Amino acid sequence: MPFNYVKRLRAVEEVDYDIVMAEDTDPRKIDVSHQCYRTEMGLPWVMPIVREIEKVLANNIKENIKYSSFGSNEFRHAVTEFVLGKEHVRVMSGQTFIIQLFWQRVFLNQNNIDIMITIIIHWILRNNTGMIEDLCTIPSDAVVMFYACCHNPTGCDPTVKQWKYIAEAIGMRLFPIIDLSYQGLASGDPDEDAFPVRLFARLGVEMAVCVSFSQNFLLYNDRVGALILIARYAQDIPALKGHLATMIAALHGSPPYHGAEIVTTILKNPKYYEQWRACLKKIRDQTQNARNCFVGTLKSFGVPGNWDYITRGKGMSTFTSLTDRQIQHLILYHHVYIRKNGSFNIGSLSDNNVEYVAEAIADSMKEYPDIDDIGQ
């Protein structure tokens, strides 16, 4: 039979990690490795405004089965305004094109790309000048990837002044891909968090913006997002549109409807939008309070290193620089599960567990005192 020829795959490290965590029955177990928002009680949360819109859509008798390879026009228009602002000159001049798609890969003409580089904004903690020098020296037409805000996994974002230096270094010689997965969660203001995208657009930079609504609408399972292409010349858009149509035809017939309709309804209705902004503020305030509490607790236990960069961070991710041995000690002896690169979800901390996690880190560093000089 054909299935007899299917061989088992070699175990994947991340899968093994999840299995170990799932099978850990110790009552002290704390999972701070996930990337989803949790309330102060450590529970998943559906935004009240999202729940309200879901009820409205369920009772809406209009036809909700639409076939559109690029996504609904209403969604695409609302997201473009959300990201770039109303009546942006690049939009009005026909230099942008948006499709509803959750991108896992970005396909580009390899003949026009010399190198793909991911810029880790954590470098800003130590050597912002070095990062700018790298941007100025890498080959022209290279693709450079950024987080607009709430950098994952570090939580460390450039300042407005640093973004301006980055924009100058990019100029017209590099092609940035900007990940806009956390718009609104850094400052609580979606317009403020979109500053890097709008700055690059205002300067005429050609780029791609990958938008996701998994985090800022907590629509993790709906896979709703968009890709915005901003060209230097409007006459380049038809060719881009044709190639995207061909690729989309091979990926799916029509993008998901439900999550996109929720996002569209909220973005287009001022009352709903303000209610959603209030939800963003709740998440943002909770994560910032968790940062302050965590650092204060680390200091109370005398944990070595300068951890103040965590309080300056944004979003749900933060970085610890813990070594492999220290992380293993956290897991085996304290049942505290963080990611294997030393980062974790700061929003997973609450009054109920922050002291235990901080004490566990203190014990791990005492047991294996070979951590880097954090933040120095």
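Reading the values: rules and limits
- Going along each chain's sequence as written, the residues are numbered from 1 onward.
- Predicted model: local features are reported for residues with pLDDT of at least 70 only, side-chain atom pairs are reported and counted for 80 or more only, and whole-chain, interface and lining totals are derived from all residues.
- As a rule here, side-chain values cover all heavy atoms of the structure and leave hydrogens and water aside.
- Think of it this way: any DSSP run of H or I at least four residues long counts as a helix, any run of E at least two long counts as a strand, and we number them from the N terminus.
- Only protein chains enter the calculation, and the probe is 1.4 Å; a residue is then buried if its accessible area is under 20% of its type maximum, exposed if over 50%, and partly exposed in between.
- Should any heavy atoms of two residues lie within 4.5 Å, those residues are considered in contact.
- All accessibility values rest on the Shrake-Rupley procedure with a 1.4 Å probe; residue burial counts only the protein chains present in the view.
- Of the grid points, spaced at 1 Å and generated over the protein atoms alone, those admitting a 1.4 Å probe that cannot get out make up cavities, while open sets with protein on both sides within 12 Å along at least five of seven lines make up pockets; any residue with an atom within 4 Å of a point is treated as lining.
- Grid points are joined across faces, edges and corners, and a volume is the space filled by probe spheres set on the points.
- Only Asp, Glu, Lys and Arg are considered charged in this grouping, and only Ala, Val, Leu, Ile, Met, Phe, Trp, Tyr, Cys and Pro are considered nonpolar; every other residue, Gly among them, is considered polar.
- Simply put, an axis is a line fit to the C-alpha atoms, just over the touching stretch for a helix, and the angle between two N-to-C directions goes from 0 to 180 degrees.
- For classification, angles of less than 35 degrees are called roughly parallel, those exceeding 145 degrees roughly antiparallel, those between 65 and 115 degrees roughly perpendicular, and all remaining angles oblique.
- Each crossing gets its handedness from the near helix: less than a right angle anticlockwise from the far helix is left-handed, clockwise is right-handed.
- DSSP calls a pair of strands paired once it identifies at least 2 bridges connecting them.
- A helix's residues, less one, multiplied by 1.5 Å, set its expected span.
- In this context, the arc is that of the directions from the helix axis out to the C-beta atoms.
- Any carboxyl oxygen of Asp or Glu that lies within 4 Å of a side-chain nitrogen of Lys or Arg is treated as forming a salt bridge with it.
- Polar contact is defined as a pair of N or O atoms within 3.5 Å, subject to the rule that within protein one atom must be able to donate a hydrogen and the other to accept it, and that residues adjacent in sequence are counted only when both atoms are side-chain atoms.
- The set of buried Ala, Val, Leu, Ile, Met, Phe, Trp, Tyr and Cys residues whose side-chain atoms join them within 4.5 Å is what this entry labels a nonpolar core.
- With the strands aimed away from the viewer, a crossover counts as right-handed if its path from the first strand over the helix to the second runs clockwise.

## Here's the deal with the overall build of the chain
In terms of helices and strands, the chain carries 14 helices and 10 strands. With 376 residues in all, the chain has 50% of them scored as buried. Considering only contacts in the chain between residues 6 or more positions apart, those separated by 24 or more positions represent 80%. About 19200 Å² of surface is accessible on the chain, with carbon and sulfur atoms providing 53% of the total.

## Thoughts on empty space enclosed by the protein
A full pass over the atoms with the stated rule returns 1 cavity of 30 Å³ or more. As a volume, the largest cavity reaches approximately 100 Å³. Lining the largest cavity are 11 residues; nearest its centre among them are S72, Q100, P255, P256 and Y257. A per-class count over the lining of the largest cavity returns 4 nonpolar, 5 polar and 2 charged.

## Here we look at the environment of K282
With respect to the secondary-structure elements, K282 resides in helix 11 (residues 270-300). Taking the C-alpha atoms as reference, K282 lies 9.5 Å from L185; in sequence the two are 97 residues apart. With residues up to four places along the chain from it excluded, the contact list for K282 reads Y37, E40 and W45.

## A few points about the packing of helix 2 (residues 48-58) against helix 10 (residues 258-268)
Close contact between helix 2 and helix 10 brings their axes to 10 Å; oriented N to C, the two are set at 110°. It follows that helix 2 is roughly perpendicular to helix 10 by the angle criterion. Helix 2 and helix 10 meet at a crossing whose hand is right-handed. Side by side, helix 2 and helix 10 meet where I49, V50, I53, E54 and L57 of the first sit next to H258, E261, I262, T265 and I266 of the second.

## Quick look at the pairing of strand 6 (residues 207-212)
In terms of burial, strand 6 is largely enclosed, as 6 of its 6 residues are buried. Side-chain alternation along strand 6 places M207, V209 and V211 on one buried face and A208, C210 and S212 on a second face that is also buried. Bridging between strand 5 (residues 175-180) and strand 6 involves 4 bridges; their strand directions are parallel. Its bridge partner being in strand 6, I178 is matched across the sheet by V209. As defined by bridge partners, strand 6 adjoins strand 7 (residues 225-230) across 6 bridges and the pair is classed as antiparallel. Counted as the bridge partner of C210 is L227 from strand 7.

## Looking at helix 9 (residues 237-251)
At 3.6 residues per turn, the α-helix brings residues three or four places apart onto the same side. The first and last C-alpha atoms of helix 9 sit 21 Å apart over 15 residues, in line with the 21 Å expected at 1.5 Å per residue. For helix 9, the complete set of buried residues consists of I237, L244 and I248. Taken down its axis, helix 9 places every buried residue within 40° of arc, on the same side. Within helix 9, the exposed residues directed more than 90 degrees away from the buried face are P238, H243, T246, A249 and A250. Elements that come into contact with the buried residues of helix 9 comprise strand 2 (96-100) and strand 7.

## Brief notes about the pattern of salt bridges
Applying the stated rule across the entire model yields 6 salt bridges. What you see here is one network of salt bridges that share partners, running through K281, R284 and D285.

## Quick word on helix 11
Compared with the 45 Å implied by 1.5 Å per residue over 31 residues, the 45 Å span of helix 11 between its first and last C-alpha is a close match. The distance from a side-chain oxygen at the start of helix 11 to the backbone nitrogen of K271 is 2.9 Å, and the residue carrying that oxygen is N269.

## A look at the packing of helix 3 (residues 73-84) against helix 10
Here helix 3 crosses helix 10 at 55°, and the two axes come no closer than 9 Å. The orientation of helix 3 relative to helix 10 falls into the category oblique. Taken as a pair, helix 3 and helix 10 cross one another with a handedness that is left-handed. Between helix 3 and helix 10, the residues in contact are E74, F75, A78, V79 and F82 and A260, V263, T264, L267 and K268, respectively. Of the residues assigned to the contact of helix 3 with helix 10, the class counts are 7 nonpolar, 1 polar and 2 charged.

## Remarks on unusual backbone geometry
With an omega of 25°, the peptide bond running from N152 to P153 counts as cis. Considering the arrangement of structural elements, one finds P153 in the loop between strand 4 (143-147) and helix 6 (160-170). Even without a glycine there, the phi angle at D141 is positive, about 70°. Along the polypeptide, D141 turns up in the loop between helix 5 (124-137) and strand 4.

## Side note on the nonpolar core
By size, the foremost hydrophobic cluster in this structure holds 63 residues, and its most contacted members are V83 and F200. When near neighbours in sequence (up to four residues on either side) are disregarded, F200 contacts R90, W163, I166, A167, I170, P176, I178, V205 and M207. In this structure, Y309, I327, A358 and A360 belong to the second largest nonpolar core, which totals 30 residues.

## Remarks on the pairing of strand 5
The element strand 5 is extensively covered by neighbouring structure, given that 5 of its 6 residues are classed as buried. Across 5 bridges, the pairing between strand 4 and strand 5 is parallel. Bridged to V144 within strand 5 is P176. Running through helix 6, the crossover from strand 4 to the neighbouring parallel element strand 5 is right-handed.

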